[in-house]
Amino acid sequence: MTDFPITALRSVEISTPDLPASVDFYTRIWGLEQVGEHQGKVFLAATGDDFHVLELKAGDASELRKITFRVRARDELEALRTRAADSGCEILRDIGPADGPAGGIRLVIREPQGSVLEFVHGDRRREGRGVANRVQRLAHVNINSTAIEALSAFYRDVLGFRLTDRSKMMAFLRCNDDHHAVVLAEAPVNGLNHIAFLMPDLESVMRGSGLVVDKGHPIGWGVGRHGPGDNVFAYFVDPHGVVIEYTAEVLQVDDDYRVKGPDEWVWPPGRTDHWGIAPPKSEACKKAQLAVPFARA
């Protein structure tokens with residue numbers, strides 16, 4: 001079995017032009033819990049054992065500020081730093097104590113296409129609990145790329161991910177038994193495509209989506225079932241233009257899984273999901289998936 005240096009996607013940080021409104025949405029409507037504040041950031045947790053899964057910070061516009069991964073061992077930070085520097089990454093914060101309430105030791109880099117990546121070891125954990133219709137943890141982050149093959153190679157060669165599947169427009173990469181923790185989408189701009197939050201099961205995706213709809217936020221795409229990963233999905237656009245997804249039943253894979261290519265991941269004309277029941281993605285959702293850039297500061 002592959003021994004991954006990175007073991008999990010832990011959290012994502014985004015900026016928002018209205019911090020109180022975003023905190024309200026993600027706690028009252030999306031179902032996260034505020035667990036801390038530090039240096040202008042608000043930290044939100046799901047029901048699993050990650051101390052937090054989302055960081056919110058006030059800014060002029062919605063931007064992807066950082067993606068954080070958990071690292072297997074302290075020594076891996078040194079190895080990651082060497083490989084990152086050799087591949088042309090900017091070292092933003094060298095190995096040292098992490099900022100914020102989760103603690104641990106961290107390394108922060110900017111990869112060549114512009115996204116900021118943080119790697120942590122020994123961060124604080126919570127006692128996880130299973131709660132129906134509530135987010136457990138992050139499932140994956142989907143990144144837009146103008147040079148998808150180069151970015152896929154970076155995740156594989158520098159960060160130690162493995163390619164799980166490659167559709168016509170997307171590369172699916174894993175760092176544990178989940179089919180994917182990172183998805184790269186071919187796009188005309190670099191930036192955030194969407195953030196996926198893992199729900200306990202299909203029923204929770206359905207009921208959770210219904211609760212979000214009840215509070216005035218329509219489904220942007222779904223409910224349906226993806227091809228690569230076989231996961232159930234429902235996409236929404238948050239009040240400030242960030243695309244977010246409820247998902248469940250992500251395919252579990254091992255080293256025997258056969259990578260499939262674009263010629264195998266095909267649908268009949270007009271179909272947008274594996275079941276064949278999801279309506280076309282809304283124009284608002286499609287626009288939002290290309291509208292959130294990487295933060296530059």
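Residues numbered from 1 in each chain as written. Predicted model: local features only at pLDDT ≥ 70, side-chain atom pairs only at ≥ 80, totals over all residues. Heavy atoms only, no water.

A.B. asks: Help me understand the environment of Pro 262 in this model?
C.D. replies: By secondary structure assignment, the location of Pro 262 is in the loop between strand S16 (243-248) and helix H5 (283-288). Note on Pro 262: relative accessible area 36%, which makes it partly exposed. Along the primary structure Pro 262 and Ser 167 are separated by 95 residues, whereas in three dimensions their C-alpha atoms are 4.2 Å apart. With residues up to four places along the chain from it excluded, the contact list for Pro 262 reads Arg 166, Ser 167 and Lys 168. (Helix = DSSP H or I, 4+ residues; strand = E, 2+ residues; numbered from the N terminus. Buried < 20%, exposed > 50% of the residue type's maximum accessible area, 1.4 Å probe, protein only. Contact = heavy atoms within 4.5 Å.)

A.B. asks: Hey, could you run me through the sheet that holds strand S12 (residues 182-186) in this one?
C.D. replies: Backbone-to-backbone hydrogen bonds pair the strands of a sheet. The strands run either parallel or antiparallel. Judged by pairing direction, the sheet is mixed, and its eight strands sit side by side in the order S10-S11-S12-S9-S13-S16-S15-S14 without closing on themselves. Since the sheet does not close on itself, it has two edges, and those belong to strand S10 (162-166) and strand S14 (221-225), each with one partner. In this sheet, neighbouring strand axes are inclined to one another by 20 degrees on average, regardless of whether the strands run parallel or antiparallel. Looking at chain direction, strand S9 (residues 137-145) and strand S13 (residues 191-198) are connected through seven bridges and run antiparallel. Bridging across to S13, His 140 finds its partner in Ala 196. Taken strand by strand, helix H3 (residues 148-157) contacts S9, S10, strand S11 (170-174) and S12, and its axis lies near 165 degrees from that of S12. (Pairing = 2+ DSSP bridges. Axes fitted to C-alpha atoms, helices over the stretch in contact; angles between N-to-C directions.)

A.B. asks: What exactly am I supposed to notice about the sheet that holds strand S8 (residues 116-121) here?
C.D. replies: Read from one edge of the open sheet, eight strands run S2-S3-S4-S1-S5-S8-S7-S6, paired in mixed fashion. Both edges of this open sheet fall to strand S2 (33-38) and strand S6 (90-97), since each of them pairs with a single strand only. Strand-to-strand, the axes of this sheet are offset by a mean angle of 20 degrees, without reference to chain direction. Here strand S3 (residues 41-45) pairs with strand S4 (residues 54-58) via four bridges, running antiparallel. The residue bridging Leu 44 from the neighbouring strand is Leu 54, located in S4. Helix-sheet contacts for helix H2 (residues 74-86) involve strand S1 (6-16), strand S5 (63-71), S6, strand S7 (105-110) and S8, and the interaxial angle to S7 is about 15 degrees.

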